[in-house]
Amino acid sequence: MELRLAYRGARSAAPPLSGCLSRHSLSPWLKIQNHIYSMPSLCYKVPSTAKCHASVATSYMETSEVTGLDWDNLGFGLIETDFMYVAKCGPDGIFSKGEVLPFGPIALSPSAGVLNYGQGLFEGLKAYRKTDGSILLFRPEENAIRMISGAERMCMPAPTVEQFVDAVKQTVLANKRWVPPTGKGSLYIRPLLIGSGAVLGLAPAPEYSFIIFVSPVGNYFKEGLSPINLIVEEKFHRASPGGTGGVKTIGNYASVLKAQKVAKGKGYSDVLYLDAVHDKYLEEVSSCNIFVVKDNVISTPAIKGTILPGITRKSIIEVAQSKGFKVEERLVSVDELLNADEVFCTGTAVVVSPVGSVTYMGKRVEYGNQGVGVVSQQLYKSLTSLQMGNVEDWMGWTVQLNQ
């Protein structure tokens, strides 16, 4: 895949660059979970030619530590940062070591596998800044494992867990000035795995690209938890047995946009999907997993191939169990939803989102305390405290990056 790189001069006094930047060596891989990882200050060589081959350093450049962002009014939208990570894989199925390159457009053949046949996956995770200035990642190895599982389903090679986590670390450290101050938000990390090689007939692509970019995002809830209003979808289904609903492939998300647009046009926050066989069991919201609480028992639809195994979902289950809650992963009917004491969603962006109301077949059911239940509040506080490093990581989930 040819890369068109454009360094954004507005962020630095240095002029735009052309060509590729060399990748600096990193500390050896030690352990994925709950360890300290450090990287020297990044200093990138400006090549003397415009080609992405061997380059001769003629000068050096470092990015400013100042971004100029209004951290207090940071939303949840794309803000282009300085660098991205790119690695490629050919027919041998082995990914290159990869490079940290200036963030910019990429060039793909019109016949690339991802453009013609949707051969692509993505992940989402966050980095947080602690009060001491260090940066935390939250369970990055879980995203790596999920990408490997999704790649197998989509007939794609995938980077190893070690390659994935190391690439995330490199990308975050290269963009460390974009990690919001403590309590102001997080650095959203978006790994992509795409069939970048050209193909005409229906077949796996001959080349794949593993790309990571990042964007600072504000806290989803600026002033405490705010309940959302869902409508149960009666016409469309998100996934069916034997399909790809259980992997994070790009097509799963394009297919929910129509129902979501209609729902938002009617004043709802999002859509809750039912199963495609019986049309009575809960599956998930457009991009979130769903939980119901009844008599202090937490229930959530079981992972059975049509529901994405969310990492926030898994974390909430484990935190809830550690606090003594009974958690059931099983079929959950829409009738149980309507009779629940409390309902909430989980996802990378929201962490925990309480549900204030659900509308099904014209009937609207509202949940007590304006939808913000005691259980969802407790679990939200417990998990976000872990993610942000505000409490001791008793679960061993965070990875600390020293700058």
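Since this is a predicted model, take the numbers as computed values, not measurements.

Enquirer: Talk me through the overall build of the protein chain; I want residue IDs and the actual numbers.
Expert: Regarding its fold elements, the protein chain presents eight helices and 20 strands. By residue count, 54% of the 403 residues in the protein chain fall in the buried class. When the accessible surface of the protein chain is split by element, carbon and sulfur atoms take 53% of a total near 17,700 Å².

Enquirer: Before we move on, can you summarise the pattern of salt bridges with the specific residues and values?
Expert: Per the counting criterion, the structure on display carries 14 salt bridges. Close ionic contact of Lys184 with Asp72 constitutes a salt bridge, the shortest N to O distance being 2.5 Å. Residue Lys184 is found in the loop between α3 (161-174) and β9 (186-195), and its partner Asp72 is found in the loop between β3 (57-61) and β4 (83-89); the two are separated by 112 residues along the sequence. One salt-bridge network, in which partners are shared between bridges, spans Arg139, Glu142, Lys314 and Glu318.

Enquirer: Give me the lowdown on the packing of aromatic side chains, citing residues and values where you can.
Expert: Enumeration over the complete set of coordinates arrives at eight aromatic pairs. Seen in terms of ring centroids, Phe103 and Phe213 are 6.2 Å apart; in terms of plane orientation they differ by 65°. Their pairing is edge-to-face. Taken together, the residues span a long stretch of sequence, with Phe103 in the loop between β5 (99-102) and α1 (113-117) and Phe213 in strand β10 (residues 208-217) at a distance of 110 residues. A relative accessible area of 22% means that Phe213 is categorised as partly exposed. Joined through ring pairs, the aromatic side chains of Tyr85, Phe95, Phe164 and Phe210 make up one cluster.

Enquirer: Help me get a handle on the nonpolar core, residues and values and all.
Expert: Most often, soluble globular proteins keep nonpolar side chains buried together rather than apart. Formed by 36 residues in total, the largest nonpolar core has its most connected members in Leu137, Val168, Val172, Ile189, Leu193 and Phe210. Residue assignment for this core shows that the elements contributing at least two residues are β4, β7 (125-129), β8 (135-138), α2 (140-153), α3, β9, β10 and β20 (398-402). Looking at this core element by element, the count peaks at eight residues for α3. Residues in contact with Leu193, not counting those within four places in the same chain, are Phe95, Gln119, Gly120, Leu121, Met147, Ala151, Met156, Pro157, Ala158, Pro159, Ser209 and Phe210. Ranked by size, the runner-up nonpolar core spans 26 residues in total, among them Ile290, Val292, Ala340 and Val343.

Enquirer: A description of unusual backbone geometry should follow, citing residues and the corresponding values.
Expert: The phi torsion at Cys155 lies on the positive side, around 60°, for a residue other than glycine. Among the secondary structure elements, Cys155 is positioned in the loop between α2 and α3. Phi at Asp295 takes a positive value of approximately 55°, unusual for a residue other than glycine. Mapped onto the secondary structure, Asp295 falls in the loop between β14 (289-294) and β15 (297-301).

Enquirer: Run through the UniProt feature "modified residue: N6-(pyridoxal phosphate)lysine" (unreviewed entry) in the protein chain, naming residues and quoting values.
Expert: Per the UniProt record, the feature "modified residue: N6-(pyridoxal phosphate)lysine" (unreviewed entry) sits at Lys248. Counting through the fold element by element, Lys248 comes out in the loop between β11 (228-232) and α4 (251-254). According to the relative accessible area criterion, Lys248 is buried, its value standing at 12%. Residues contacting Lys248, with those up to four places away along its chain left out, are Leu121, Phe122, Glu123, Gly124, Arg146, Tyr253 and Leu308.

Enquirer: Kindly report on the environment of Leu115, identifying the contributing residues and their values.
Expert: With respect to the secondary-structure elements, Leu115 resides in helix α1. Judged by relative accessible area, Leu115 falls into the exposed class, the value being 54%. Discounting residues that sit within four places of it in the chain, Leu115 has contacts with Leu108, Ser109 and Pro110.

Enquirer: Now, about the side chain of Ser134: what can you tell me, with residues and values included?
Expert: The residue Ser134 is located in the loop between β7 and β8 in this model. A distance of 2.6 Å separates a polar atom in the side chain of Ser134 from a polar atom in the side chain of Asp132.

Enquirer: Explain the state of the cysteines to me, and be specific about the residues and the numbers.
Expert: If you walk through the whole model with that rule in mind, you get zero disulfides. Summary of cysteine pairing: Cys345 is not part of a disulfide, and the nearest cysteine sulfur, belonging to Cys288, is at 5.4 Å. Using a relative accessible area of 1% as the deciding quantity, one classes Cys345 as buried.

Enquirer: Before we move on, can you summarise α3 with the specific residues and values?
Expert: For an α-helix, 3.6 residues make a turn, and residues three or four places apart therefore share a direction. Spanning 14 residues, α3 covers 20 Å between terminal C-alpha atoms, matching the ideal 20 Å at 1.5 Å per step. Within α3, twelve of the 14 residues are buried, which leaves it mostly tucked inside the rest of the structure.

Enquirer: Describe the pairing of β9, naming the residues involved and giving the relevant values.
Expert: Burial of β9 is extensive: eight of the ten residues sit out of reach of the surface. The pairing of strand β6 (residues 120-122) with β9 spans three bridges and is antiparallel. The residue of β9 that forms the bridge with Gly120 is Ile194. Across three bridges, β7 lies against β9 in antiparallel orientation. Looking at β9, one finds that Ala127 is bridged to Leu187. Pairing analysis gives ten bridges linking β9 to β10, with the strands arranged antiparallel. Of the residues in β10, the one forming a bridge with Leu187 is Pro216.

Enquirer: Which residues make up the packing of helix α6 (residues 311-322) against helix α8 (residues 374-387), and what values do they have?
Expert: The N-to-C vectors of α6 and α8 enclose an angle of 110°; their axes lie 10 Å apart at closest approach. Taken together, the axis directions place α6 and α8 in an arrangement best described as roughly perpendicular. The two elements α6 and α8 meet at a crossing, and its hand is right-handed. Of the residues in α8, those in contact with Thr312, Ser315, Ile316, Val319 and Ala320 of α6 are Leu379, Ser382, Leu383 and Leu386. Split into classes, the residues belonging to the contact of α6 with α8 amount to six nonpolar, three polar and no charged.

What counts, and where the lines are drawn
- Residues numbered from 1 in each chain as written.
- Predicted model: local features only at pLDDT ≥ 70, side-chain atom pairs only at ≥ 80, totals over all residues.
- Heavy atoms only, no water.
- Helix = DSSP H or I, 4+ residues; strand = E, 2+ residues; numbered from the N terminus.
- Buried < 20%, exposed > 50% of the residue type's maximum accessible area, 1.4 Å probe, protein only.
- Areas by Shrake-Rupley, 256 points an atom, 1.4 Å probe, with all protein chains shown as cover.
- Salt bridge = Lys/Arg side-chain N within 4 Å of Asp/Glu carboxyl O.
- Phe/Tyr/Trp six-rings, centres within 6.5 Å; stacked < 30°, edge-to-face > 60°.
- Core = buried A, V, L, I, M, F, W, Y, C linked by side-chain atoms within 4.5 Å.
- Contact = heavy atoms within 4.5 Å.
- UniProt positions renumbered as here; feature names shortened; annotations may be inferred.
- Polar contact = N/O pair within 3.5 Å; in protein donor to acceptor, adjacent residues only side chain to side chain.
- Disulfide = S-S within 2.5 Å.
- Expected span 1.5 Å × (residues − 1).
- Pairing = 2+ DSSP bridges.
- Axes fitted to C-alpha atoms, helices over the stretch in contact; angles between N-to-C directions.
- Parallel < 35°, antiparallel > 145°, perpendicular 65-115°, else oblique.
- Left-handed = near helix turned anticlockwise from the far one by under 90°.
- Nonpolar A, V, L, I, M, F, W, Y, C, P; charged D, E, K, R; others polar.

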